[in-house]
Amino acid sequence: MASHLEIKESLQAFWQNYNQNERLKIMNKDWNRVILVRANDITSEHTLVLTDGSLAVYEGAWKNPDLTVIADSETLADLFYGDITPTEPYLNGTLQVVGSEDDIVRLDFISLMIWGE
Amino acid sequence: MKRVVSVSLGSSKRDHRVNVELLGEQFEISRVGTDGDLDKAIQTIRELDGKVDAIGLGGIDVYLYAGKTRYAVRDGLKLMAAARKTPVVDGSGLKNTLERQTVYYLRENTGLLPPGIAVLMVSAVDRFGMAEALLDIGCDVTFGDLIFAAGIPYAIKSLAELEEIANKILPDMIKLPFHMLYPTGKKQEVQDEEKIKKYGHYYKEARVIAGDYHLVRRYMPALAGQTIITNTTTAEDVNFLKEKGAGWLVTTTPEFAGRSFGTNVIEGVLVAILQKPWEEIQPEEYLDLLRRLDFRPRIIPLR
């Protein structure tokens, strides 16, 4: 089990890598989304906000997110640190993503562009 | 008589059956669409296994390419594994030869691909041979893989960048259900109006649109005489392209009974003629057979 702090640090690593990737920011300039990240085994919620290609991370849950990412704390920390890719946990049900199919593919894509081979 | 059946994840509305004579041998070629139902496609392949000479997989690519690296789509492998006796092909072996040849044929024999012409390839990882050939003859190519598969408005302009991005994302993307990456079943019958509004300008900025017909069709806005290079078109599709304002249609596969078949079907026919495991067939054998069959691209003026 990971702690709330570990999830926060993993999201900060994700945020840092995202914002250092100028090409990724160009790719996402049309994709303004609010993404809620929620652990289902500890009390931990964060919100990712994509605006005009830039990413910001906040503690706590914003209202009416476009996408909600739910998993156990360990999976979330592994995911945002890039130790695992989202596809396998998504397919085996460990990771739930609530939102449109197009948005799910896009979030998967962002993660792979940051942490992929 | 040899029998080749294309089992497709596409719409059953496009099903058909034709008889043709090739190199003195009679062929019955048919298509069975499963409306995006993967389990139904697997069951159909199991039922055909051992009863037909070759099975083609339509509406899905099993193998995608980024340079010399080949990635296998998980759902495609499930389909291939459903047959134990009959060879199953997805057309990718033939695409690399036939579609590459088509580009050089058009350069040498028509004015449709002059140097510097703007080409939109709606997807290149499923047609890497064509992508390489278009760049080789000096076309100004935009690769739409991210735009149309992932909804990301980012035009890839070089094979190096296409390979780099594909090598990052394909190892995982191939594990996703195929319908998340490509229009299957009923989605093939309708256009995506929202994406046409957002991404239609990529079509308008090009003089040539190339690639998979279902992708080409799904996002096509009104055109102004552009050339379409694709395959698997029916008489209905030709009318659709005329209505949209396309200028020329080039299909990489030959026409039988008013329609151009998918590369999976033609590869199935070639495998049935060669009578050897498809894994052992070399590109030169396909090329030799294509020459003997005198297969040439079909070029149709639409205006």
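Quick caveat: nothing in here was measured; it's all calculated off a predicted structure. (Residues numbered from 1 in each chain as written. Chains lettered and ligands numbered in written order. Predicted model: local features only at pLDDT ≥ 70, side-chain atom pairs only at ≥ 80, totals over all residues.)

A. Local environment of the overall build of chain A. Looking only at helices and strands, one finds five helices and five strands in chain A. When the elements of chain A are put in sequence order from the N terminus, they spell out α-α-β-β-β-β-α-α-β-α. Along the three orthogonal principal directions, the C-alpha set of chain A runs to about 35 × 35 × 25 Å. With 117 residues in all, chain A has 34% of them scored as buried. For chain A, the share of sequence-separated contacts (at least 6 apart) that also reach a separation of at least 24 residues comes to 68%. (Helix = DSSP H or I, 4+ residues; strand = E, 2+ residues; numbered from the N terminus. Buried ≥ 20, exposed ≤ 12 C-beta atoms within 10 Å, placed from the backbone. Contact = placed C-beta atoms within 7 Å.)

B. Seen up close, the sheet that holds strand β4 (residues 54–58) of chain B. Residue and element names in this part refer to chain B. Spatially, β2-β3-β1-β4-β7 is the arrangement adopted by the five strands of the open sheet, whose pairing is mixed. In the strand order of this sheet, the two ends are held by β2 (16–22) and β7 (88–89), each with one partner. Across the face of the sheet, helix α1 (residues 38–48) comes into contact with β1 (2–8), β3 (25–33), β4 and β7 while running at roughly 170° to β1. (Pairing = 2+ DSSP bridges. Axes fitted to C-alpha atoms, helices over the stretch in contact; angles between N-to-C directions.)

C. Representation of helix α4 (residues 128–136) of chain B within the structure. All names here are of chain B. Buried residues of α4: Phe128, Gly129, Met130, Ala131, Ala133 and Leu134, and no others. Here the buried face of α4 lies against β5 (63–66), α3 (92–109), β8 (118–121), β9 (140–143), α6 (159–173) and β10 (208–210). Downstream of α4 by a residue or two, Gly138 has a phi angle that is positive, lying close to 90°.

D. Up close: the environment of Asp140 of chain B. Residue and element names in this part refer to chain B. Topologically, Asp140 is positioned in strand β9. Taking the C-alpha atoms as reference points, Asp140 and Asn19, separated by 121 residues in sequence, lie 40 Å from one another. Among all residues touching Asp140, those that are not within four sequence positions of it are Gly116, Ile117, Ala118 and Val119.

E. Examining unusual backbone geometry more closely. Look at Asn64 of chain A: it is not a glycine, yet its phi comes out positive at around 50°. Even without being glycine, Gln275 of chain B reaches a positive phi, approximately 50°. Looking at where Gln275 of chain B falls in the secondary structure, it is placed in the loop between α10 (263–274) and α11 (283–293).

F. Geometry of the sheet that holds β8 of chain B. Residue and element names in this part refer to chain B. Across the sheet, which stays open at both edges, the six strands sit in the order β9-β8-β10-β11-β12-β15 with mixed pairing between neighbours. If you trace the sheet from one side to the other, it starts and ends with β9 and β15 (298–301), each paired once. Each neighbouring strand pair of the sheet contributes to a mean axis angle of 20°, computed without reference to strand direction. Across the sheet, α4 touches β8, β9 and β10, and the angle it forms with β9 is around 150°.

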